[in-house]
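# What the coordinates show
Listed below, chain by chain, are the residues.
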Amino acid sequence: MSDHSGNSGTSHSPTTSGSETPRRNFVVEGATVVISLIVGVVPFAAGLLSFLDPLFRKNQTPSKHTKGEQGGKTEMVRICSLEALPPNGPPQRFPVITDQFDAWNFTAQQPIGSVYLQRISDSEVRVFNTTCPHAGCSVSCDGQAFHCPCHNSSFELNGSKRVSESGRENPSPRALDTLEHTIESGDVLVHYQNFYPGREEKKPKA
Ligand code: FES
């Protein structure tokens, strides 16, 4: 049976053929995949780069002798010049100031503790952490000995435990904590560390 235009009873879209539909679907699906990749991969790649950034910065050290803390380990820190310490003078207290950085953060010139330095010859220096080994208070020095105000520990200038004149027991379990150090180009460099208080053994904190 024919209509007035002369077409048969079966109708067809004027622009869609049997082969064009799959082709259009293929293009749409392809575009969807590309957009999905862009939306998903770009943020992932940015996050991955940010995560790996410390590895790329690994060898970027701020300056010689101010390397600060890396993974919990403090490098040698310059404290002062040797000339600043009078030979056989009393111990002097200095802050330890250094750059600090871990895998993701860098902070320049932060105080991380303090030390007592005493020059005992032309080329030798005693170096102590100022923290009391008993319970972590800060010791002072009157030029004759070190004293802790918290529970009355006291120490000789060489760091050893002092016998109390009153006969009271010295509560500190060990001598003052010495620190590794070296003298380089006229400067005193110290490997600053803190140690667990309240123990006979000198165990560095991580
Ligand atoms: S903390 Fe120094 S004596 Fe107790």
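Residues numbered from 1 in each chain as written. Predicted model: local features only at pLDDT ≥ 70, side-chain atom pairs only at ≥ 80, totals over all residues. Heavy atoms only, no water.

### Observations concerning the pattern of salt bridges
For the coordinates displayed, the defined rule picks out four salt bridges. The closest approach of N and O atoms between Arg78 and Asp187, which form a salt bridge, is 3.2 Å. Within this pair, whereas Arg78 is found in strand E3 (residues 76–81), its partner Asp187 is found in strand E11 (residues 187–191), the two being separated by 109 residues in sequence. Among the salt bridges present, the one from Glu201 reaches Arg199, with a minimum N-O distance of 3.8 Å. Residue classification places Glu201 among the partly exposed residues on the basis of a relative accessible area of 48%. (Salt bridge = Lys/Arg side-chain N within 4 Å of Asp/Glu carboxyl O. Helix = DSSP H or I, 4+ residues; strand = E, 2+ residues; numbered from the N terminus. Buried < 20%, exposed > 50% of the residue type's maximum accessible area, 1.4 Å probe, protein only.)

### Some details on the pairing of E11
It is a general feature of regular strands that their side chains alternate between the two faces of the sheet. Judged by how many residues are buried, E11 sits mostly within the fold: four of five residues are covered. In this structure, E3 lies alongside E11, joined through five bridges in antiparallel fashion. Opposite Met76, over in E11, you have His191 as the bridge partner. One ladder, built from four bridges, connects strand E10 (residues 181–184) with E11; its direction is antiparallel. Bridge assignment links Thr182 to a residue of E11, and that residue is Leu189. In sequence, E10 turns back onto E11 through a hairpin of two residues, with Ser185 there showing a positive phi of about 50°. (Pairing = 2+ DSSP bridges.)

### Regarding the sheet that holds strand E9 (residues 154–155)
Spatially, E7-E8-E9 is the arrangement adopted by the three strands of the open sheet, whose pairing is antiparallel. Only two strands of the sheet have a single neighbouring strand rather than two, namely strand E7 (140–141) and E9.

### Thoughts on the state of the cysteines
Taken as a whole and assessed by the stated rule, the structure comprises one disulfide. Covalent S-S linkage joins Cys137 and Cys150, the inter-sulfur distance amounting to 1.9 Å. Across the disulfide from Cys137 to Cys150, rotation about the S-S bond amounts to roughly -95°, and the bridge is consequently left-handed. One end of the pair, Cys137, is in the loop between strand E6 (125–129) and E7; the other, Cys150, is in the loop between strand E8 (146–147) and E9, and 13 residues separate them in sequence. Judged by its relative accessible area of 23%, Cys137 is partly exposed. (Disulfide = S-S within 2.5 Å.)

### As for the side chain of Asn129
The residue Asn129 is located in strand E6 in this model. A distance of 2.7 Å separates a polar side-chain atom of Asn129 from the backbone oxygen of Gln193. Leave out the neighbours within four places in its chain, and Asn129 touches Ser114, Leu176, Asp177, Leu179, Tyr192, Gln193 and Asn194. (Polar contact = N/O pair within 3.5 Å; in protein donor to acceptor, adjacent residues only side chain to side chain. Contact = heavy atoms within 4.5 Å.)

Shape is all these values report; function is a separate question.
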